[in-house]
Amino acid sequence: MASFSNYRNPNSNRSNNTNDNNSNDLKANIRESRWIQPEQWQSSEIQEKFEKGNISFSEIHEMLQKLGIKVQKFELNKILETHDRNKDGHMSKEEFEDIYLKLRVEKDPGSTWGRSVKPTAGGLDRFVTTRRDANDDVDSTASAVEQKQEASGPYHSVLVEERVWTANWINQLLVDDAHLNLRTSPIDSQDAQALYKRCQDGILLCKLINIAVPKTIDERAINLNLSKQDIFRQSENLELAINSARGIGCKVVNIHPENISKAVPHLVMGLLWQIIRIQLTSEINLKHVPGLVLLLRDGETAEDLLKLSPEELLLRWVNYQLQRTQYKGKQVSNFSNDIKDSEAYTYLLSVIAPDDTKPPVGLGPLKESDLRRRAELMLQEADKIKARAHITPEDVVKGNPRLNFAFVANLFNTYPALDLPTEQVPEAGVVIEETREEKTYRNFINSLGLEPHVNYLYSDLCDGLIILQLYDIIRPTTVDWSKIYKRFNAIKERFQKLNNCNFAVDYAKEPLRFKMTGIGGPDILEGNKTLTLGLVWQIMRAYTLSILQKLAKSSTPIADKDIINWANDKLKSANKTRFLTNFQDQSLSDSMLICDLIDAIKPGSIQYNLLKTSGTADAKMDNALYAISMARKIGARIYALPDDIVETKQKMLLTVFACLMASDMNVVKS
């Protein structure tokens, strides 16, 4: 549902420039492309339509369906507007090809690598793939049947500069890891296949996730010292990595262990970038940098900063710092066109560099008129404060938004230059970060690949669109989208959002049958925290149970007692001595029963000598981290955190056992 990112606020600064220069810049920075041979989509019927001239918008939806592209009409409308170059409500053959290729990229499920990657001119790694079956439901096994296409099938591409940067960044981040040996054997950034091959055994991915979000994975759960022939244990690591990435909010829809073991470049790169992005932005918040309050605008509070994406925060930071200099250029509003001339960067470096930097960081690069040479001189200034971050002059001049975002994020993390006077330090009780519960729910939503990305639950759910999309995942066709506002008129915005929120409440009552006592549309619109969290919890629970229901091929919903009965039957069949009474049982806090259940699902998986029996808080936390990691390793899509188990949070424990039940059903099915 990519078009939702354009629905949030048509009056925001996130405008789409359509002039030729910007269009060319966009094309130059496409991160993933697919070339479809003409005979694959230009059927005789479609050719006949275009022989009569341009076709109207009303015909597009049916034509796309015939080509296997499933897209809802309300999604299509916005896309059509952006592709209608003449603004005449009709589409030429060329425009139709553009929109078809765009939707093919967005809607096509995962692929697996079919041929060797070869660097090509123009900064792209191109490669042929074989297609995965379109059947990729929540109950599908990751290794479903794959059907090979002809050699004329789709091509994918990855920008060479992004692959090179990623390899260099990982070499730097994990240089001291004892198991990866990157100091003596770094990833060769000039080898088109080296990065993907180093990810095949899952160890690097697990280590990278722990750098991004420490203590996400218990390293005792990682299979280390693997041989290339140990495919099964490599697959376990990949399962652990993918499910852990899901747990920290990465979009992993249609990414499966075999995609990574077969080194599918665009999928591996997509996952790596998401993890690295989380690593780069993990400390761009008030908890770690209280001085961010200096970026507040009139009428804003500290909590308003939580509503901003990392990109928006960094842009505010850049412009705040530029205001402290003699910079006369325009305000920086993106990490592509606005930074290509290196002027903003040069001034930014001069103001954030420590006063004792020797030699000092200066404005010398601005004397150079050639943009590429200027970019190199600017990066040499960044080198003085060890903040070049593997960026090249070409990355700057081309305006690669991903790599320039990484460059600025690294600058912020190294030299935020936001010294805060004592009187401006946020008072105790001021909201400066998400609660654990909020973060868990946000990660759950983002992992499902919905658009737009959720930065802060209460502000990003207040228009009802994310909630309604979630309903349609839980129970397809629940929402009548013809009654929902996807874009908002500035004058009627509140009314239109309230309309969506009222429908969100109505659908929650029927057909989803949530408990909605005291919850109304205005509560969602106003971001009532308690009531919004209550609704999101019910959504998460319903999503988890809907997976169980599909796996069980049951016509009736799965109840809590069904999960308890399954768990006890499983434990009994494995001759375990602990049994589950309810999800409030305080004895669950040591994770012993959870580990027993994991071992019952996959005999021999738990190393009981690693479990701690002292009963201390630290021992329980270690056991919980190990239990969650092992559960993810056997395929359980767990979002709960170790604290949830130790504190015996009933709601999250329910999801832990439900996910284990789903994992067991998948094992039985396969």
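Remember, it's a predicted structure, so these values are computed and weren't measured experimentally.

Asker: Honestly, the overall build of the chain in this entry has me stumped. Any pointers?
Answerer: Scanning the chain from terminus to terminus reveals 27 helices and eight strands. A burial count over the chain gives 54% of its 670 residues as buried. Sequence separation of at least 24 residues holds for 64% of the intrachain contacts in the chain that already meet a minimum separation of 6. On the chain, roughly 30,600 Å² of surface is accessible, and the fraction owed to carbon and sulfur atoms is 48%.

Asker: Mind showing me how you'd approach the environment of Leu 348 here?
Answerer: Within the secondary structure layout, Leu 348 lies in helix α13 (residues 343–352). For the pair Leu 348 and Gln 323, spaced 25 residues apart in the sequence, the C-alpha separation amounts to 9.6 Å. Setting aside chain neighbours within four positions, we find Leu 348 in contact with Trp 317, Val 318, Gln 321, Leu 322 and Leu 411.

Asker: Which parts of the structure should I look at to understand the side chain of Ser 189?
Answerer: With respect to the helices and strands, the residue Ser 189 is situated in the loop between α6 (160–173) and α7 (194–198). Taking the relative accessible area as the measure of exposure, Ser 189 reaches 11% and is therefore buried. Side chain to side chain, Ser 189 and Gln 190 meet in a polar contact 3.3 Å long. Apart from the residues lying within four places of it in its own chain, the contact partners of Ser 189 are Arg 163, Val 164, Ala 167 and Asn 168.

Asker: Just to check I follow, could you spell out the pattern of salt bridges for this structure?
Answerer: Close approach of charged atoms allows side chains of opposite charge to pair. Summed over all chains, the structure comprises 31 salt bridges. Glu 647 is paired through a salt bridge with Arg 436; the nearest N and O atoms lie 2.9 Å apart. Placement of the pair is Glu 647 in the loop between α26 (642–646) and α27 (650–669) and Arg 436 in helix α17 (residues 436–447), with a sequence separation of 211 residues. Exposure remark for Arg 436: the relative accessible area of 28% places this residue in the partly exposed category. The salt bridge involving Glu 510 is made with Arg 513; its shortest N-O contact spans 3.9 Å. For Glu 510, a relative accessible area of 48% translates into the label partly exposed.

Asker: Would you mind showing me how to read the packing of helix α9 (residues 231–247) against helix α25 (residues 617–633) here?
Answerer: Working note: a packed helix pair is described by the angle between its axes plus the distance between those axes. Orientation of α9 relative to α25, taken along the N-to-C sense of each, is 115°, at an axis distance of 7 Å. Regarding the angle of α9 to α25, the classification is roughly perpendicular. Our pair here, α9 against α25, has a crossing hand that is right-handed. Packed against α9, whose contacting residues are Glu 236, Glu 239, Leu 240, Asn 243, Ser 244 and Gly 247, the element α25 presents Ser 629, Arg 632 and Lys 633 at the interface.

Asker: In this structure, what is going on with the nonpolar core? I would like to understand it.
Answerer: Where a protein is soluble and globular, its nonpolar side chains tend to be buried together. The biggest cluster of nonpolar side chains holds 182 residues, and the ones touching the most others in it are Trp 317, Tyr 471 and Leu 660. Per-element accounting of this core gives the leading share, twelve residues, to helix α22 (residues 529–552). Not counting the four nearest positions on each side in its chain, Leu 660 is found in contact with Trp 566, Ile 594, Leu 597, Ile 598, Ile 601, Ala 631, Ile 634 and Ala 636. In terms of nonpolar packing, the next biggest core, distinct from the first, is built from 15 residues, Ile 69, Ile 79, Tyr 100 and Leu 103 among them.

Asker: Before we go on, may I ask you to explain helix α20 (residues 493–509) in this structure?
Answerer: Between its terminal C-alpha atoms α20 stretches 25 Å, which fits the 24 Å expected from 17 residues at 1.5 Å a residue. Among all positions in α20, only Gln 496, Lys 497, Asn 499, Asn 500, Cys 501, Phe 503, Ala 504, Val 505, Tyr 507 and Ala 508 are buried. For α20, the elements touching its buried residues are α19 (465–474), α21 (521–525) and α22.

Asker: Where do I start with unusual backbone geometry in this structure?
Answerer: Trans is the common state for peptide bonds, and a negative phi is the common state for residues other than glycine. Omega for the peptide link from Lys 358 to Pro 359 comes to -5°, which places this bond in the cis form. The residue Pro 359 is located in the loop between α13 and α14 (371–384) in this model. Backbone torsion omega between Glu 510 and Pro 511 reads 20°, so that peptide bond is classified as cis. Among the secondary structure elements, Pro 511 is positioned in the loop between α20 and α21. The phi angle at Ala 263 is positive, at roughly 60°, despite the residue not being glycine. Within the secondary structure, Ala 263 sits in the loop between α10 (257–261) and α11 (265–281). Residue classification places Ala 263 among the buried positions, given a relative accessible area of 0%. Although it is not a glycine, His 390 sits at a positive phi angle of roughly 65°. Position of His 390 among the secondary structure elements: in the loop between α14 and α15 (393–398).

Asker: Just checking my understanding: could you explain the environment of Arg 402 for this structure?
Answerer: Tracing the chain through its elements places Arg 402 in helix α16 (residues 401–414). In this structure, the C-alpha to C-alpha distance between Arg 402 and Arg 277, residues 125 residues apart in sequence, is 9.3 Å. Of the polar contacts made by the side chain of Arg 402, one reaches the side chain of Glu 162; its length is 3.4 Å.

Asker: What's the story with α19 in this structure? I'm lost.
Answerer: Given 3.6 residues per turn, any residue in an α-helix points the same way as the ones three and four places further on. Burial within α19 is extensive, with nine of its ten residues counted as buried. Taken together, the buried positions of α19 are Leu 465, Ile 466, Ile 467, Leu 468, Gln 469, Leu 470, Tyr 471, Asp 472 and Ile 474. Elements in contact with the buried residues of α19: α17, α18 (457–460), α20, α21 and α22.

Definitions and limits used
- Residues numbered from 1 in each chain as written.
- Predicted model: local features only at pLDDT ≥ 70, side-chain atom pairs only at ≥ 80, totals over all residues.
- Heavy atoms only, no water.
- Helix = DSSP H or I, 4+ residues; strand = E, 2+ residues; numbered from the N terminus.
- Buried < 20%, exposed > 50% of the residue type's maximum accessible area, 1.4 Å probe, protein only.
- Contact = heavy atoms within 4.5 Å.
- Areas by Shrake-Rupley, 256 points an atom, 1.4 Å probe, with all protein chains shown as cover.
- Polar contact = N/O pair within 3.5 Å; in protein donor to acceptor, adjacent residues only side chain to side chain.
- Salt bridge = Lys/Arg side-chain N within 4 Å of Asp/Glu carboxyl O.
- Axes fitted to C-alpha atoms, helices over the stretch in contact; angles between N-to-C directions.
- Parallel < 35°, antiparallel > 145°, perpendicular 65-115°, else oblique.
- Left-handed = near helix turned anticlockwise from the far one by under 90°.
- Core = buried A, V, L, I, M, F, W, Y, C linked by side-chain atoms within 4.5 Å.
- Expected span 1.5 Å × (residues − 1).

Any link to function would need more than the numbers given here.
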